[in-house]
Amino acid sequence: MTNDQTKKFYDELSADYHLIFGNWDNAIKRQSKILDNIIQKYSKNESKTLLDCSCGIGTQAIGLANLGYKVHATDLSPKAIVRARLEANKRGVSISFDVADFKKLEDQVEGTFDIVISCDNSLPHLLTDEELLLAAKNILSKMKSNSLFIASIRDYDQLLEDKPISTQPNVKDFTKERTISFQVWDWDENNVYTVNHFTLKGINEKFDTFLRTTKYRAYKRDEMSKIFKEAGFIEIKWLMPNESEYYQPIIIALKP
Ligand SMILES: C[S@@+](CC[C@H](N)C(=O)[O-])C[C@H]1O[C@@H](n2cnc3c(N)ncnc32)[C@H](O)[C@@H]1O
């Protein structure tokens, strides 16, 4: 059920996903540069092949392929993969793509990689410890010995202190229309919240509203570290934005 809702959410959002960013191409460049720095600093192997197991429309995969990594990029959403492939082709970047659930990577993705990544709050779509543990074990199965895993999530330690109910609107002006994107969050008692993602498109006084919903669990950093440790990861460490310059806390971990 969760998977179906998540897939529907990202399938429907795939055409508009770039609107979440001020400038998507700048985000592609900025994020890949930071991730490359982290890989250079913390990786203990040759760091050539990379699996992005929640690539969405390709934000990190495209930037990292541009920097010379041999990237295989997968995602639960078939429509996000179609768009990611299109965006990579448009930019002349070579990436292999496939649809895969990060809870089933062992069966759905061939081979092992020097680096595996899952960025921008993808793992918190898994709402239970059991599901996250299953994903962590499947991620580990795709990693070579000594390889590095990198994931970013929202700063839930901070957000859980006051459980905000909305995000700031992101406004973009195009020649023929203005788009406004924002989220309204409905919290339940288990630190799980429903994201109501609004996109408004229009001009003058006439706007169309598109509403898509999905669920997230607000994992504290310690909760996530514990689950990755249980899955078999070692040297688990969190890099906070003031250290990494990434916009979200990043968890890094090694396969023994
Ligand atoms: C917030 S988006 C981030 C996408 C991309 N990393 C980016 O930064 O543009 C979260 C992504 O996680 C993917 N996702 C959620 N659950 C997944 C699962 N079980 N397996 C693989 N991907 C999943 C979604 O389809 C979506 O593309």
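Quantities reported herein were computed from a predicted structural model and do not represent experimental measurements.

### Description of helix α8 (residues 221-231)
Right, on to step 1. Among the residues making up α8, those that are buried are Met224, Ile227, Phe228 and Ala231. For α8, the buried positions fall inside an angular range of 100° around the axis, keeping them on one side.
Right, on to step 2. Those residues of α8 hidden inside the fold are in contact with α6 (129-141), β10 (234-239) and β11 (250-254).
Right, on to step 3. Just downstream of α8, Gly232 is the residue with a positive phi angle, here 120°.

### Here we look at the domain arrangement of the protein
Right, on to step 1. Here the protein is partitioned into domain 1 (2-155 + 219-254) and domain 2 (158-216).
Right, on to step 2. Relative to domain 2, the C-alpha centre of domain 1 lies at a distance of 23 Å.
Right, on to step 3. Contacts between the two partners involve 15 residues from domain 1, matched on the other side by 15 residues from domain 2.
Right, on to step 4. Its residues placed into classes, the side of domain 1 that touches domain 2 shows six nonpolar, four polar and five charged.

### Notes on the sheet that holds strand β1 (residues 49-52)
Right, on to step 1. Taking strand neighbours across the sheet as the criterion, the seven strands line up as β3-β2-β1-β4-β5-β11-β10 in an open arrangement whose pairing is mixed. Both outer strands of the open sheet, β3 (96-99) and β10, are each paired with one neighbouring strand and no more. Each adjacent strand pair in this sheet contributes to an overall mean axis angle of 15°, direction not counted.
Right, on to step 2. One ladder, built from three bridges, connects β1 with strand β4 (residues 113-118); its direction is parallel. Residue pairing across strands places Asp52 opposite Ile117, the latter belonging to β4.
Right, on to step 3. Set on the sheet, helix α2 (residues 24-42) makes contact with β4, β5 (143-152), β10 and β11; between it and β5 the angle comes to about 145°.
Right, on to step 4. On the sheet, helix α4 (residues 78-90) packs against β2 (70-75) and β3 and is oriented at approximately 170° with respect to β3.

What counts, and where the lines are drawn
- Residues numbered from 1 in each chain as written.
- Predicted model: local features only at pLDDT ≥ 70, side-chain atom pairs only at ≥ 80, totals over all residues.
- Buried ≥ 20, exposed ≤ 12 C-beta atoms within 10 Å, placed from the backbone.
- Helix = DSSP H or I, 4+ residues; strand = E, 2+ residues; numbered from the N terminus.
- Arc of directions from axis to C-beta.
- Contact = placed C-beta atoms within 7 Å.
- Domains from an automatic or database assignment.
- Nonpolar A, V, L, I, M, F, W, Y, C, P; charged D, E, K, R; others polar.
- Pairing = 2+ DSSP bridges.
- Axes fitted to C-alpha atoms, helices over the stretch in contact; angles between N-to-C directions.

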